[in-house]
Amino acid sequence: MDCVVTGGNVKVLAKAIHSLSRIGDELYVEPQEDALALRSVNSSRSAYACFLFAPLFFSRYTIPSGHAFRCKMAIKSVQAVFRSLASLEKTVEKCHIELDKQKSRLTFTLHCKHGLLKTHNLSFQDSESLQAVFDKDSCANVFRAQPRLLVDTVVHFPPSLEEVTVAVSDERMWVRNHVDEEAEQSKAMLTELCLASDEFDHFAVGAHNSITFCLKELRGLLVFAESTGLPISMYFDEPGSPVVLSVTDSVLEGDFVLATLSDDPNHRKNNSRRAHTPPPPPPDDFMNDDIDAYLIAMDTSIAPGPSATGPPTPSLARSTFSKQPAAANHKTRIHSEEEEEEEEDEKTDLDRPPNKKFCSLFFGSVLPSSSQMSTQPVTSQEVLASDSEDDT
Amino acid sequence: MPLSTQSQADEEQYVFMASLDNARNLSNILKAITFKDHAIFSATPNGLKVTVEDSKCLQANAFIQADIFQEFTIREDLVGFQVNLTVLLDCLNIFGGSTVPGVSTALRMCYKGYGYPLTLFLEEGGVVTVCKINTQEPEEPIDFEFCSSNVTNKVILQSESLKEPFSELDMTSEVLQITMSPSQPYFRLSTFGNSGNAHYDYSKDSDMVELFKCTKTQTNRYKMSLLKPSTKALALSCKVSVRTDSRGFLSLQYLVRNDDGQICFVEYYCCPDEEVE
């Protein structure tokens, strides 16, 4: 792999990396024929971001021949290459990215003014492909706005605010902080802003929905969009489905996919588009011997949703699974090989959506012939986590 | 504003006395070498030298020539004592270190000799503060035996070009490796950290390089923890000279301009961690 980024694009690349660092600790790099993909995911798999840079973004773009190359590395190491954004513009003339397969290193060389050359040899690990399953085009609600609008909206919320709720009607969008039902109502402060449809470049509401998602992870995208001046598009459906925020121009595309809270009881029924899943047995039926379910029921004291037998099935492209979090923390926990050690109340069984939790995102895995994968034909890649530890 | 609070008799007792209209001309340069608490002060008729050492491997010296001071009196060839540098700096900044133009702290530093404290008279806006700092027996500064005739490689750079790389250095690297060579890569700073290694290469033709005299390819490693404090001196300076001798010892000399545009020097000597050829 041999790519060269010149001039102002070096700063754009650096900003993309910095915004990905707001999502997760690792940077997944995948040079493809049509674009260089830089991705990141958070530890609970409830937030995912991907930047695609078309070959035209580069002044030279050569990808490794042979089988597809994928790697991941600590994002902090890559951020160290582009540490000072302010000086990047002034001093860096070009950035050269080269792959050294033998030494498992990715070399970033910055050619700076005054004859200074900065070379960073970063070691990487091979990785599976990371790809969230989402489909922007089928979302009921689509909006597009200048970044200033969203930045100005978000500035009203404290940096520590975790979750924000966005509700839409035909002509309006409300943005307010999400206050947990368990929180002390007397100490809670609610801030709500109302945006009119004419403040947006595009405002198409298909369903009057209200979604709640994590704001923190989004801020990275806002910073990127503001600095590049690209409008932000927002796509969402019903609660439980992920919200997608994107920026795009002729040579790049950035997508931030965030899980949303599923708190609509009616939604539970419709949530699973798992046509092949058998109807769930009654709630307090622990006959299926699932210790996890029992622990979850004990912990959350919310009647657990229907349990399911059989291997969890992956969703269709659009839908998301519901998961059991601890009540206080809405982050999803996908039980995967890597995350085995997580707390008890976060065990797998994806097919039991209790009242309130974040829905996880699905991640593609490059395990094409996994026997644990569902029988459902899915056009894109399959669920990563849910299938890995199957107790049932 | 000259201090007139001392009697003639007092002045004759002092073996060393120096005055500055602007104490910052001393405190700023001392900040560049404050990585350890204790400093050895050596005053000679040429001026004042302040030395700080670390684990017998690193030595930093700040030179303030006699003509920088408004008054500089010394009654012996060499007056030496050791004081707590942190305390001294706190005293020099006792008026809060304001940067209002025209307002500065005046300083008179007096020393009666062995066993006596270092007395500081500080005045700002008519208010006088007297500080007496205990002195200790001065240790002998290490002689790194770094002489010009033994210098194999020398590069003089504009500090501007080194400031950013130095501040960006990968701190997870235990060493800073410096390569100097008459051929590529000419002058290279390298780190070896957790995520990989990094190299900063300066071309000898760079307009930031004022002098390039390298006779032999040398690569030496120095402990990062020892060299990192030199970043302060670098930040204050406008030019830096990097020299290595045949043993791989490193000499960094920084040219610092004080508030009044006068030149002072700060110098760092460092032993190599290991020889890498």
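Residues numbered from 1 in each chain as written. Chains lettered and ligands numbered in written order. Predicted model: local features only at pLDDT ≥ 70, side-chain atom pairs only at ≥ 80, totals over all residues. Heavy atoms only, no water.

If you check an unreviewed UniProt entry, chain B appears there as Cell cycle checkpoint protein RAD1 from Lates japonicus. The record held by UniProt for chain B lists under Subcellular location (unreviewed entry) the comment "Nucleus". As its UniProt record puts it under Sequence similarities (unreviewed entry), chain B is described as follows: "Belongs to the rad1 family." (UniProt positions renumbered as here; feature names shortened; annotations may be inferred.)

Looking up chain A in an unreviewed UniProt entry gives the name Cell cycle checkpoint control protein, with the organism given as Lates japonicus. Annotation of chain A in UniProt includes, under Sequence similarities (unreviewed entry), the sentence "Belongs to the rad9 family." Its UniProt record gives chain A a comment under Subcellular location (unreviewed entry), which states: "Nucleus".

Another point: the pattern of salt bridges. Per the stated rule, a full pass over the model turns up 22 salt bridges over all chains. The salt bridge involving A:Asp152 is made with A:Arg148; its shortest N-O contact spans 2.8 Å. Here A:Asp152 and its partner A:Arg148 are both found in helix α4 (residues 147-154), four residues apart, which amounts to about one turn of the helix. The residue B:Asp273 makes a salt bridge to B:Lys223 at a minimum N-O spacing of 3.0 Å. (Salt bridge = Lys/Arg side-chain N within 4 Å of Asp/Glu carboxyl O. Helix = DSSP H or I, 4+ residues; strand = E, 2+ residues; numbered from the N terminus.)

Next up on the list: the packing of helix α1 (residues 8-20) of chain A against helix α5 (residues 216-228) of chain A. Residues and elements named next belong to chain A. Running from N to C, α1 and α5 point in directions that differ by 165 degrees, and their axes come no closer than 8 Å. What the angle tells us is that α1 and α5 run roughly antiparallel. Here the hand of the crossing between α1 and α5 comes out right-handed. On α5, the residues touching Val12, Lys15, Ala16 and Ser19 of α1 are Gly220, Leu221, Phe224, Ser227 and Thr228. Residues that form the contact of α1 with α5 fall into these classes: four nonpolar, four polar and one charged. (Axes fitted to C-alpha atoms, helices over the stretch in contact; angles between N-to-C directions. Parallel < 35°, antiparallel > 145°, perpendicular 65-115°, else oblique. Left-handed = near helix turned anticlockwise from the far one by under 90°. Contact = heavy atoms within 4.5 Å. Nonpolar A, V, L, I, M, F, W, Y, C, P; charged D, E, K, R; others polar.)

Residues and elements named next belong to chain B. Tracing the sequence through the fold places Glu267 in strand β18 (residues 263-270). For the buried Glu267, no salt bridge exists, and the shortest N-O distance to an oppositely charged side chain is 5.0 Å, to Arg243. Of note is the side chain of Glu267, whose polar atom sits 3.1 Å from the side chain of Gln253. Reaching out from Glu267, the side chain makes a polar contact with the side chain of Tyr269 at a distance of 3.2 Å. The residues contacting Glu267, other than those within four sequence positions of it, are Gln59, Ala60, Asn61, Phe63, Leu252 and Gln253. (Buried < 20%, exposed > 50% of the residue type's maximum accessible area, 1.4 Å probe, protein only. Lys, Arg positive; Asp, Glu negative; His and termini not counted. Polar contact = N/O pair within 3.5 Å; in protein donor to acceptor, adjacent residues only side chain to side chain.)

The set of residues buried in α5(A) consists of A:Glu217, A:Leu218, A:Arg219, A:Gly220, A:Leu221, A:Leu222, A:Phe224 and A:Ala225. Backbone geometry just downstream of α5(A) places A:Gly229 in the positive-phi region, at approximately 75 degrees.

Residue and element names in this part refer to chain B. Across the six residues that make up strand β11 (residues 175-180), a large majority, six, are buried. Alternating positions in β11 separate into two faces, Val175, Gln177 and Thr179 on one and Leu176, Ile178 and Met180 on the other, with burial throughout. Here β11 runs beside strand β15 (residues 218-223); their pairing, made up of six bridges, is antiparallel. Within β15, the position partnered with Ile178 by the bridge is Asn220. Pairing analysis gives five bridges linking β11 to strand β12 (residues 187-193), with the strands arranged antiparallel. Each residue of the ladder has a partner; that of Ile178, found in β12, is Leu189. (Pairing = 2+ DSSP bridges.)

Turning our eyes to something else, we now look at the packing of aromatic side chains. Taken as a whole and judged by the stated rule, the model has 24 aromatic pairs over all chains. Here A:Phe51 and A:Phe256 contribute two aromatic rings whose centre-to-centre distance is 6.0 Å and whose plane-to-plane angle is 85 degrees, an arrangement assigned as edge-to-face. Residue A:Phe51 is found in strand β4 (residues 47-53), and its partner A:Phe256 is found in strand β20 (residues 252-258); the two are separated by 205 residues along the sequence. The two residues A:Phe51 and A:Phe256 agree in class, both being buried. Each ring, one from A:Phe57 and one from A:Phe58, has its centre 5.3 Å from the other, and the planes form 80 degrees; the classification is edge-to-face. On the basis of relative accessibility, which here comes to 7%, the residue A:Phe58 falls in the buried class. Through a chain of ring-to-ring contacts, three or more aromatic side chains come together here, namely A:Phe51, A:Phe53, A:Phe57, A:Phe58, A:Tyr61, A:Phe224 and A:Phe256. Taking NZ or CZ as reference, B:Arg221 lies 4.4 Å from the ring centre of B:Phe192, over its face. Over the aromatic face of B:Phe249 sits the side chain of B:Arg247, whose NZ or CZ is 3.8 Å from the ring centroid. (Phe/Tyr/Trp six-rings, centres within 6.5 Å; stacked < 30°, edge-to-face > 60°. Lys NZ or Arg CZ within 6 Å of the ring centre and 35° of its normal.)

What follows covers the pairing of strand β2 (residues 26-31) of chain A. Residue and element names in this part refer to chain A. Burial analysis of β2 places five of its six residues in the buried class, which makes it a mostly covered element. Note that β2 and strand β6 (residues 71-74) share four bridges and pair antiparallel. Residue pairing for β6: Val29 is matched across the bridge by Cys71. Connecting β2 to the next strand, strand β3 (residues 36-41), in antiparallel fashion are four residues.

Now for the sheet that holds strand β16 (residues 237-245) of chain B. All names here are of chain B. Here nine strands make up an open sheet; going across it, the order is β6-β2-β3-β4-β18-β17-β16-β10-β14 and the pairing antiparallel. Pairing within the sheet leaves two strands with one partner each, and these edge strands are β6 (79-84) and β14 (209-214). The sheet shows a mean angle of 15 degrees between the axes of neighbouring strands, taken without regard to direction. Note that strand β2 (residues 38-44) and strand β3 (residues 47-54) share five bridges and pair antiparallel. Each bridged residue has a counterpart across the sheet, and for Thr44 the counterpart in β3 is Gly47.

We now examine the nonpolar core. Counting residues in hydrophobic clusters, the biggest one holds 151 residues, and the most contacted among them are A:Phe82, B:Phe16 and B:Leu120. When residues of this core are assigned to their parent elements, the largest contribution, seven residues, is made by α1(A). Not counting residues within four places of it along the chain, the set of residues in contact with A:Phe82 comprises A:Val10, A:Leu13, A:Ala14, A:Ile17, A:His18, A:Leu88, A:Cys95, A:Phe108 and A:Leu110. Core analysis: the second largest hydrophobic core is formed by 10 residues, A:Ala132, A:Cys139, A:Val244 and A:Val257 among them. (Core = buried A, V, L, I, M, F, W, Y, C linked by side-chain atoms within 4.5 Å.)

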